[in-house]
Structure formats: structure tokens, C-alpha cells
Amino acid sequence: MKNIAVLTSGGDAPGMNACVRAVVKTCLSKGLTPFGVMDGYQGMIEGRIEKLGYGDVDNIIQRGGTVLGTARSQEFLTAEGRQKAIVHLKEQAIDGLIIVGGDGSFKGATILAEEMEIAIIGIPGTIDNDIAGTDHTIGYDTALNTVVEAVDKIRDTASSHHRVFFIEVMGRNAGFIALNAALASGAEGVLIPEEVTDIPLLVKQIKEQNKGKRSSIIIVAEGDDGGGAKEIMEQVRPFMDGYDLRYSILGHVQRGGNPSAFDRILATRMGGMAVDLLMKGETNLMIGSNGDRLISQTILEGINHSATLDLEKLDLLKDLLTKG
Ligand code: F6P
């Protein structure tokens, strides 16, 4: 193992820079040459693979986004696209590849590893936290805190105006951000893809909860089966005469911002471990966290399983929302 390339892929996530920095610095300290692939797999196809040094990763641990850039490359899904990528990887004699991204990005890497001789290690990086085999993905903690801060702000105005707010949060098809943000912000309800949405029941609960309160906040996961915040609001409106309803879609603000200390530390540890695994001759592994410990499993295990939301938290939220 001499030349290790790192790339960030899929949606960016706060902490990706801390991870790239750790990969580069660990490589340099062990006498390996680190490379960065610009704009994910698309940059690999286009041959944008650059040698990285200390100066390239200076002053980035605290920055959101990814200095390498990222993309959701359609071309990489084709054999022709991957062949172009392979040519460029060979040109630079890359023998190890570290992919920071979601399970779609890992899938791409496993196909690549079947088509050429290259060792691959996946690091889970997405705000959605929807990867099996890790308690936390890089970026999730920061995004969750961003959401909670935004909900707190909406609470101020909702309370001032006696309003019911439906707040839509990201998470693709998973409810990690929604459920945990609901718990952390004291929301009056949460709609997540993991539970079927029942509009009549929701109306009943909002009315019950709203009694004696100045505001109600319902967190809606973007992947909820009942629709987004606006759709949910429109569905309950006919049954909520006399209530002042509003919705807010938090959107991409959830993906930006300086990573939390938690994400920086997680990303740094995972980046260092990825280089160590490659040096030990390991391949096709995905790093994960289990409590405070870092673990690894085969990438296929990560891809073939779905991350499961802790539904005991949903039960707890329901208990907190049930008036005795
Ligand atoms: O996977 C991260 C994520 O932010 C999801 O929560 C969201 O559904 C999606 O990416 C949005 O993707 P894009 O930025 O490409 O619109």
C-alpha cells in the first residue's frame, strides 16, 4: 500500500472535511501518499485526482461542506463510466480508496473493486444516519443540532402567535433526524416514515396537546408516507377550524454549518482508522461506531441491511405526549 485516494460522495455532511484531513495526515505520518478525488466519482471519471499535502487540509477541520466537492454521478453507474475512472486510478497507481458517503456510494465502490484490483474502505458520512452498522454517521449530530436550533426559533414565533407549526426535516426515507429532533425540542408530535400516518388521529392529538398551550409543533420527516409538512397541513386543515396553521421546510440549511465537536472527533477517528485498515491489508470494510468504540463490518453488510430507528424513543415521546 503506497498511494491512498479519498473521496467524498453523495450529499455533503458536516465533518467530511475533518475526515479528509485525518486521512491525509495519517497517510503522511505513515509514509504513504494521499490523493484527493475531486467531486466524488464524477471527478474520478474525469481524472481529477490530486496529490494532497498538509497545506491542503490546513484549517478545514471546522468547516462544513467538503473541500473535495461531491456529486451524485450517474455516469459512474455505467460500466463505461467506471472504465474511465479505472484508467485514471491506474495512472496515479492508486492502490487504496477511502469513500466517505452513504450506502449508494459504498455500492459504487464495491462494483469498482470487482472490476479492478483496489482495496476499499467505506466511512459513513450523511446527515440522515440511515446506514446499518453504525450508531452515528458523520454529519448527523451537527444536522440534528441545526434542526433543534431552528425548531427552538420557530417555537418563539409560534408561541407569540398561538400557532400550530408543521416543520419538515430531511432524512430521506428514515426518521432519525425527525424523531430525535422531536424529543430534543419538546415537539407536540412527529411523523416518520417508520410509522403509518393516521390523519384523524393526528388531528385528535394536536387538539388534545394544544389545550392550555400557546403553540404546537409537529415535526414531519420528508419521507413520511402522509407527505411533507405542507401536504400534512392541508390534510388536517378541514378538521382544524379556529387554529392558525403554518408550515416550514428547513431544507438544505440542515446540511451546512460548522461540524459539532462530536462529528469532528468521530470523523477524525474514522479517517485515521480507514488508513490503518488499508495498511493492514484489509478491504471491502465499512467503519462504524458502537457507543464510543469504532468497529468494522463488511461493506456488503452495511449495504444489504437498513439502519433501524430505535422505536422505544417513539414510545417515550408518545408517553410524554399523553396527558394523564
Ligand atoms: O442524503 C442527504 C440528503 O440531505 C437527504 O436528507 C435529502 O433527501 C437529500 O440528501 C437531498 O438531496 P439533494 O441535495 O441532492 O437535493
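It should be noted that the structure appears before, not after, this text.
In what follows, the accompanying structure is described. These numbers come from a predicted model, not from an experiment.

1. Brief notes about the overall build of the protein chain
Logical step 1: When helices and strands are counted, the protein chain shows 11 helices and 11 strands.
Logical step 2: Here the protein chain has a C-alpha radius of gyration of 22 Å; the compact-globule value for 324 residues is 20 Å, and the two agree.
Logical step 3: Across its three principal directions, the C-alpha atoms of the protein chain cover 70 × 35 × 30 Å.
Logical step 4: Taking all contacts inside the protein chain whose residues are at least 6 apart in sequence as the whole, residues at least 24 apart take part in 75%.
Logical step 5: Carbon and sulfur atoms form 49% of the exposed surface of the protein chain, whose accessible area is close to 14000 Å².
Logical step 6: Counting 32 positive and 43 negative side-chain charges, the protein chain places the averaged centre of each group 4 Å from the other.

2. A look at the environment of L314
Logical step 1: Here L314 shows up in helix α11 (residues 311–321).
Logical step 2: You can call L314 buried: its relative accessible area is 6%.
Logical step 3: Distance from L314 to S296, taken between C-alpha atoms, is 28 Å for residues 18 residues apart in sequence.
Logical step 4: Beyond its immediate chain neighbours, meaning those up to four positions away, L314 contacts L179, V190, I192 and E195.

3. Some words on the pairing of strand β5 (residues 119–124)
Logical step 1: Burial analysis of β5 places six of its six residues in the buried class, which makes it a mostly covered element.
Logical step 2: Along β5, one buried face is formed by A119, I121 and I123 and the opposite face, lined by I120, G122 and P124, is buried too.
Logical step 3: Pairing of strand β4 (residues 96–101) with β5 involves six bridges; the strand directions are parallel. Across the sheet, G96 pairs through a bridge with A119, a residue of β5.

4. Comments concerning the nonpolar core
Logical step 1: In terms of nonpolar packing, the biggest core is built from 64 residues, with I98, I123, V190, I219 and I287 touching the most fellow members.
Logical step 2: Of all the elements, helix α5 (residues 140–161) adds the most residues to this core, at nine residues.
Logical step 3: Both domains that meet at this core, namely domain 1 (3–139 + 259–304) and domain 2 (142–255), each give it at least three residues.
Logical step 4: Within the second largest apolar cluster, 26 residues are counted, among which are I45, I49, A85 and I303.

Thresholds applied
Residues numbered from 1 in each chain as written. Predicted model: local features only at pLDDT ≥ 70, side-chain atom pairs only at ≥ 80, totals over all residues. Heavy atoms only, no water. Helix = DSSP H or I, 4+ residues; strand = E, 2+ residues; numbered from the N terminus. Rg over C-alpha atoms; globule rule 2.2 N^0.38 Å. Contact = heavy atoms within 4.5 Å. Areas by Shrake-Rupley, 256 points an atom, 1.4 Å probe, with all protein chains shown as cover. Lys, Arg positive; Asp, Glu negative; His and termini not counted. Charge placed at Lys NZ, Arg CZ, Asp CG, Glu CD. Buried < 20%, exposed > 50% of the residue type's maximum accessible area, 1.4 Å probe, protein only. Pairing = 2+ DSSP bridges. Core = buried A, V, L, I, M, F, W, Y, C linked by side-chain atoms within 4.5 Å. Domains from an automatic or database assignment.

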